[in-house]
Amino acid sequence: MTTETPSGSDPGAHSLSGTPVVAGIAAGPAVHVTTDVSPEAVARFGDGGFATEDEALAAYDEAVAFVAETFTEKAAVAHGPAAEVLTASAGLVRDKGLRSAVAKALGSGGGPVAAVHAAVEQFVTVFTTMGGLMAERATDLRDIERRLVARLVGEPAPGVPTPLVPSVLVASDLAPSDTSGLDADQVVALVTERGGPTSHTAIIARQLGIPCVVGVPGVTDVVEGEYVLVDGEAGTVVRGADPDEARGLVEASRAERELLQAWAGPAATADGVRLQLLANVADGRSSQRASDEPVDGVGLFRTELCFLDRAEEPGVDEQADIYAQVLNPFRDRGHVVVRTLDAGSDKPIAFATHEGEENPALGVRGLRLAFGNPGLLERQLDAIALAAGRTGADAWVMAPMVATVAEAEQFAAVVRSRGLKPGVMVEVPSAALLAHQMLEVVDFLSIGTNDLTQYTMAADRTAADLAHLTDPWQPAVLQLIAITAHAGAEVGKPVGVCGEAAADPLLATALVGMGVTSLSMAARAVRSVGSQLSRVTMGACEAAAEAALSARDPRAAREAVRRALV
Ligand code: PEP
Ligand code: MG
């Protein structure tokens, strides 16, 4: 979408719009991610001139070892989900199936570059047909192809350049390998043409704390070096902005963000209503880091992220050790909500996921896996109970992808039998609509807005082109959140939000106004959310909730909440 720029801007300027992800204003020359290896270098390399297929395969093996090592090194310095994805990419590049396909393609002549291309295309077709996260892995595979080809032909790896001055990174979409190691002093904002609020780009921008707008049609037309102004709250990218004017806006925004970072908790509204801000964690390391932030505990420990690279299910003792590392930093501080395995669909786990489903997002994922394999859940609960006993932490346990009250009841029974506190996630619209009855059988609910949005809007959360639908500000999603929060308030049981929506300071005010009792998010986002909440009264939050619930679309909802808070 292109609109005229607001008054006061350079007359030649015009503004593009997208989905705002991380608030703040930044400006600078645009830099692009280089995606392709120089065609001249590829042409010079040709078929590589290898005497035998074995020699060509040896060159491929060397390139694989190099690229895998690069991913592993990046994973070692990355954090949380980015580290997990890079580790998975290191595994993917070494994949034996890919190697066999390359070996076979070498038989047709053309050399290793052509063979890698043929093999990758073959896998991309398979992954794309599978949909969900597997389709997203096609992006990773193409990235792997570029890196292998660069190594084979002796060119530097493609990716993000190191800009000489602070710059705005503009891309169609960003792969994890593009963004790992990004320096927030050099890259001051991220803008992508594709992707939604839960895309990899959005996750990285939140971790770095830099302004970010995703799903901006036409932004890749911005030329390298063109001066752009990014407003991560309004979701706009101004081309041809006046640098002097931009400087003032950027400074004001930076000062405001510094003020946000000074917030140190505890979380409460301006009129003193105490709220709980919790952290989302993936492993012991991220839990330890989260404990340095002003959080009241952990609202979501995604256990499946500990097992992305495991072929076999770890034994109960090993699982207990892993969970204890997460519980330990919070043993004297609030509670830790451990989510049982959310395997399947966008989080394939080798020892749990059902292979070959036509539509994995609607298939046997999350708690549904336990129906055909109850031992998997039982062993995990045993391990959580062991870890809770060893650390003395207050462990709550919740199940993902619950659709019926009977499922919640069955889950609650096995959790309670181990002396733990049971809850369920509200990710399927049926669970929100039945929130009252769910709360008759469990002790708490946690709204997973990422999946709740996906299932309410019938829009794949990983689809780069559906950002306007996979937006938690969609009024239908807000209605379901309100129903759930209301049910909790009526019976006096906790109802939290643990999807990405909780990390949006503006939306957080409306969620609190709806009656949500806790917000759980990437630890990095806690200070901006806490600071925002500390500046508004509970009455203002309730007005924000009402305004959001009356809006017709996400843009109107954001505007209405902004107006309600002034
Ligand atoms: C969610 O769906 O909002 C959620 C928190 O779970 P995940 O993102 O891990 O699916
Ligand atoms: Mg989910």
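Residues numbered from 1 in each chain as written. Chains lettered and ligands numbered in written order. Predicted model: local features only at pLDDT ≥ 70, side-chain atom pairs only at ≥ 80, totals over all residues. Heavy atoms only, no water.

- Per an unreviewed UniProt entry, the protein chain carries the name Phosphoenolpyruvate-protein phosphotransferase and comes from Nocardioides jishulii.

**A look at the overall build of the protein chain**
- Check the secondary structure of the protein chain and you find 22 helices and 17 strands.
- On C-alpha atoms alone, the protein chain measures out to a radius of gyration of 24 Å, which is about the 24 Å that the 2.2 N^0.38 rule sets for 566 residues.
- Within the span of the protein chain, comprising 566 residues, buried residues form 57% of the whole.
- Looking at the protein chain alone, contacts between residues at least 24 apart form 67% of all its contacts between residues at least 6 apart.
- If you sum the accessible surface of the protein chain, you get close to 22400 Å²; carbon and sulfur atoms cover 54% of it.
- Of the side-chain charges in the protein chain, 43 are positive and 73 negative, and the distance between the mean point of each set is 3 Å. (Helix = DSSP H or I, 4+ residues; strand = E, 2+ residues; numbered from the N terminus. Rg over C-alpha atoms; globule rule 2.2 N^0.38 Å. Buried < 20%, exposed > 50% of the residue type's maximum accessible area, 1.4 Å probe, protein only. Contact = heavy atoms within 4.5 Å. Areas by Shrake-Rupley, 256 points an atom, 1.4 Å probe, with all protein chains shown as cover. Lys, Arg positive; Asp, Glu negative; His and termini not counted. Charge placed at Lys NZ, Arg CZ, Asp CG, Glu CD.)

**Structural notes on the side chain of E226**
- Structurally, E226 can be placed in the loop between β7 (212–214) and β8 (227–231).
- Classification of E226 by relative accessible area gives buried; the value is 16%.
- Polar side-chain contacts of E226 include one of 2.7 Å to the side chain of R239.
- Once residues within four sequence positions are removed from consideration, E226 is found in contact with G28, P29, A30, R239 and G240. (Polar contact = N/O pair within 3.5 Å; in protein donor to acceptor, adjacent residues only side chain to side chain.)

**Digging into the site of ligand 1**
- Taken together, 14 residues lie near ligand 1, and R302, R339, K347, N450 and R461 sit nearest.
- Between T449 and ligand 1, the recorded distance is 3.1 Å, taken from a backbone N or O atom to an oxygen atom.
- D451 is positioned with one of its backbone polar atoms (N or O) 2.9 Å from an oxygen atom of ligand 1.
- Against a free-state accessible area of 290 Å², the protein chains account for coverage of 99% of ligand 1. (Near = heavy atom within 4 Å.)

**Digging into the nonpolar core**
- L277, L445, I481, M514 and L519 are the most contacted members of the largest nonpolar core, which totals 100 residues.
- When residues no more than four places from it in sequence are discounted, the contact partners of I481 are I447, T449, L452, L511, M514 and V516.
- A41, F45, A90 and L141 belong to the second largest nonpolar core, which has 38 residues in total. (Core = buried A, V, L, I, M, F, W, Y, C linked by side-chain atoms within 4.5 Å.)

**Remarks on the UniProt feature "binding site: Mg(2+)" (unreviewed entry) in the protein chain**
- Sites flagged by UniProt as "binding site: Mg(2+)" (unreviewed entry) map to E427 and D451. These annotated residues cover 25 residues of sequence, and their C-alpha atoms lie no more than 5.1 Å from one another, placing them together at a single site.
- Mapping E427 onto the fold places it in the loop between β14 (421–426) and α15 (429–433).
- Judged by relative accessible area, E427 falls into the buried class, the value being 2%.
- Contacts of E427, omitting those with residues within four sequence positions, involve R339, P400, M401, G448, D451, L452 and Y455.
- A polar contact of 2.8 Å, which involves the side chain of E427, links it to the backbone nitrogen of M401.
- The residue D451 is located in helix α17 (residues 449–457) in this model. (UniProt positions renumbered as here; feature names shortened; annotations may be inferred.)

**Here we look at the coordination of the magnesium ion (ligand 2)**
- For the magnesium ion (ligand 2), every protein donor is listed as E427 (OE) and D451 (OD), and the spread of their distances is 2.0 to 2.1 Å. Of this pair, E427 sits in the loop between β14 and α15 while D451 sits in helix α17, and the two are 24 residues apart along the sequence.
- Among the residues examined, D451 registers a relative accessible area of 1% and is labelled buried. (Donors = N, O, S within 2.8 Å, 3.2 Å for Na, K, Ca; no water.)

**Overview of the sheet that holds strand β15 (residues 444–447)**
- A barrel is described by the order of its strands in space; here 8 strands give the closed sequence β10-β11-β12-β13-β14-β15-β16-β17, paired in parallel fashion. Strand after strand, the sheet turns through a mean of 30 degrees between neighbouring axes, direction not considered.
- Along the sheet face, helix α11 (residues 316–327) touches β10 (276–281), β11 (298–302), β12 (335–339) and β13 (394–399) and points at about 145 degrees away from the line of β12. (Pairing = 2+ DSSP bridges. Axes fitted to C-alpha atoms, helices over the stretch in contact; angles between N-to-C directions.)

**Some thoughts on the UniProt feature "domain: PEP-utilising enzyme C-terminal" (unreviewed entry) in the protein chain**
- Here the UniProt-annotated "domain: PEP-utilising enzyme C-terminal" (unreviewed entry) positions come out as residues 265–536.
- In residues 265–536, the share of helix is 41% and the share of strand is 15%. The end C-alpha atoms are 15 Å apart.

**Quick word on the pattern of salt bridges**
- Counted by the stated rule, this structure contains 27 salt bridges.
- R379 is paired through a salt bridge with E313; the nearest N and O atoms lie 2.7 Å apart. Of this pair, R379 sits in helix α13 (residues 374–391) while E313 is found in the loop between β11 and α11, placing the two residues 66 residues apart along the sequence.
- Judged by relative accessible area, which is 33%, R379 ranks as partly exposed.
- In this structure, the salt-bridge partner of D321 is R390, at a minimum N-O distance of 2.9 Å. One end of the pair, D321, is in helix α11; the other, R390, is in helix α13, and 69 residues separate them in sequence.
- The class for D321 is partly exposed, based on a relative accessible area of 42%.
- Through salt bridges with shared partners, a single network forms among E304, R339, D342, R365, D451 and R461. (Salt bridge = Lys/Arg side-chain N within 4 Å of Asp/Glu carboxyl O.)

**Notes on the packing of aromatic side chains**
- Overall, the coordinates contain 5 aromatic pairs when judged by the stated rule.
- Considering the side-chain rings of F307 and Y323, the 6.5 Å spacing of their centres and the 75 degrees angle between planes classify their relative orientation as edge-to-face. With F307 in the loop between β11 and α11 and Y323 in helix α11, the pair connects residues that are 16 residues apart, well separated along the chain. Here the two residues F307 and Y323 agree in accessibility, since each one is buried.
- Every member of this aromatic cluster is reached through a ring pair, and the members are F301, F307, Y323 and F351.
- Here the guanidinium or amino end of R151 rests over the ring plane of F66, the centre of that ring lying 3.8 Å away.
- The ring of W396 carries K421 above its face, with NZ or CZ at 4.1 Å from the centroid. (Phe/Tyr/Trp six-rings, centres within 6.5 Å; stacked < 30°, edge-to-face > 60°. Lys NZ or Arg CZ within 6 Å of the ring centre and 35° of its normal.)

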